[in-house]
Amino acid sequence: TMQSSGHRFRDVEHHLLLADNDSYDSSSSEADMAERVWFIRDGCGMVCAIMTWLLVVYADFVVTFVMLLPSKDFWYSVINGVLFNCLAVLALSSHLRTMLTDPGAVPKGNATKEYMDNLQLKPGEVIYKCPKCCSIKPERAHHCSICKRCIRKMDHHCPWVNNCVGEKNQRFFVLFTMYIALISAHALVLCGFQFFSCVRGQWTECSDFSPPVTVILMIFLCLEGFLFLTFTAVMFGTQIHSICNDETEIERLKSEKPTWERRLRWEGMKSVFGGQPSLLWINPFAGFRIRRLLLRGKKGGPEFSV
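The rules behind these values
Residues numbered from 1 in each chain as written. Predicted model: local features only at pLDDT ≥ 70, side-chain atom pairs only at ≥ 80, totals over all residues. Heavy atoms only, no water. Helix = DSSP H or I, 4+ residues; strand = E, 2+ residues; numbered from the N terminus. Buried < 20%, exposed > 50% of the residue type's maximum accessible area, 1.4 Å probe, protein only. Contact = heavy atoms within 4.5 Å. Areas by Shrake-Rupley, 256 points an atom, 1.4 Å probe, with all protein chains shown as cover. UniProt positions renumbered as here; feature names shortened; annotations may be inferred. Expected span 1.5 Å × (residues − 1). Core = buried A, V, L, I, M, F, W, Y, C linked by side-chain atoms within 4.5 Å. Phe/Tyr/Trp six-rings, centres within 6.5 Å; stacked < 30°, edge-to-face > 60°.

### A look at the overall build of the protein chain
Looking only at helices and strands, the protein chain has 9 helices and 8 strands in total. Counting only residues that meet the buried cut, the protein chain has 43% of its 306 residues in that class. Contacts spanning at least 24 positions in sequence make up 72% of the contacts within the protein chain whose residues lie at least 6 apart. Approximately 16900 Å² of the protein chain is accessible, and the part contributed by carbon and sulfur atoms is 64%.

Set out below in structure tokens:
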């Protein structure tokens, strides 16, 4: 512990503050960071993210071309096709927004004396510095070794979305798990109807593919749907429970005693999803501005990667 500008500065490794002329530029604010696209350069995460998209595309292919298009019931095909594809688009949009949204990263190397003086802290107030990214740690922030940043209200790092789940993108992650669970359940129901239809009638007439190919494709879809439904449903329930209790997964695993005033259940939901309950809560496109994204591209493109 060391004294600086009338307040205490705690650092586990007792690193000194950066000099005023070091790499951190106080003019490069968090607002400037928000104007850039966020992307994590992690090989494992990128492979998992691509696999997620491929598995959803595979499910869409089997549902559309193996089960629905060959069906003789026109309205059955149309209604289920539109529903499944809409859910798939919502799931993949939620995945993209989770992956490309800054989860709440603390600016790197902001632990300078100048920056601390600008915080106008009270005498004797304790602040924490992360020895790994040289940033001043806000309350409830944790360092992610993969993102190499401190993340506000970090819940966990998820390789399937190639990003941390934190203060600013938790809503999109919850929507991603919800929509994946829904399309998985929908695919399983459609597989059940298809098997029943094929067994009851002629296998050669229930699909444009040969019976062995049809069976193999549907078995793989059933396995995928069951695994994804189990995983995402559990994750969705865990996330909602954490939001209602105003507690992240890291805080729960570490059994950290809350030093903050916990929000009531609905207050926690409103803080994550924004505002009063409405259809915007389940809309992954809410708050997305194509015009702003195009303007960012003109200014220099999506160069902000970690």
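### Structural notes on unusual backbone geometry
Unusually for a residue other than glycine, Cys 134 sits at a positive phi of about 50°. Mapping Cys 134 onto the fold places it in the loop between strand 3 (126-130) and strand 4 (135-137).

### A few points about the UniProt feature "transmembrane region" (unreviewed entry) in the protein chain
Within this numbering scheme, the UniProt entry marks residues 43-68, 74-92, 172-195 and 215-236 as carrying the feature "transmembrane region" (unreviewed entry). In residues 74-92, helix accounts for 100% and strand for 0%; the two terminal C-alpha atoms are 27 Å from one another. As annotated, residues 215-236 comprises 100% helix and 0% strand, and the C-alpha atoms at either end are separated by 31 Å.

### Some thoughts on helix 6 (residues 211-244)
Compared with an ideal rise of 1.5 Å per residue, which puts 34 residues at 50 Å, helix 6 spans 48 Å between its outermost C-alpha atoms and is within 8% of the ideal. Looking at the residues trailing helix 6, positive phi occurs at Asp 246, about 50°.

### Concerning the nonpolar core
One finds Val 62, Val 63, Met 67, Phe 173, Ile 180, Leu 221 and Phe 273 to be the most contacted residues of the largest nonpolar core, which totals 37 residues. Broken down by secondary-structure element, the contributors of at least two residues to this core are helix 2 (43-68), helix 3 (74-100), helix 5 (170-200), helix 6 and helix 8 (265-273). The biggest single contributor to this core is helix 5, with 11 residues. Excluding anything up to four places from it in sequence, Phe 273 contacts Arg 171, Val 174, Leu 175, Ile 243 and Trp 281.

### Here we look at the packing of aromatic side chains
By the definition in use, this model includes 6 aromatic pairs. Aromatic pair Phe 74 and Trp 75: ring centres 5.2 Å apart, planes at 75°, arrangement edge-to-face. Taken as a pair, Phe 74 and Trp 75 share a single burial class, namely exposed. Centre to centre, the rings of Phe 173 and Phe 176 are 6.4 Å apart; their planes meet at 45°, and the pair counts as tilted. Taken together, the residues span about one helical turn, with Phe 173 and Phe 176 both in helix 5 at a distance of 3 residues. Like Phe 176, Phe 173 is buried. Among the aromatic residues, those joined into a ring-pair cluster are Phe 61, Phe 65 and Phe 209.

### A few points about the environment of Leu 69
In this fold, Leu 69 is placed in the loop between helix 2 and helix 3. Along the primary structure Leu 69 and Cys 206 are separated by 137 residues, whereas in three dimensions their C-alpha atoms are 9.9 Å apart.

### Comments concerning the side chain of Lys 153
If you trace the backbone, Lys 153 turns up in the loop between strand 6 (149-151) and strand 7 (156-158). With a relative accessible area of 18%, Lys 153 lands in the buried category. The contact partners of Lys 153, leaving out residues within four places of it in the chain, are Arg 140, Ala 141, Val 165, Gly 166, Glu 167, Asp 246, Thr 248 and Arg 263.

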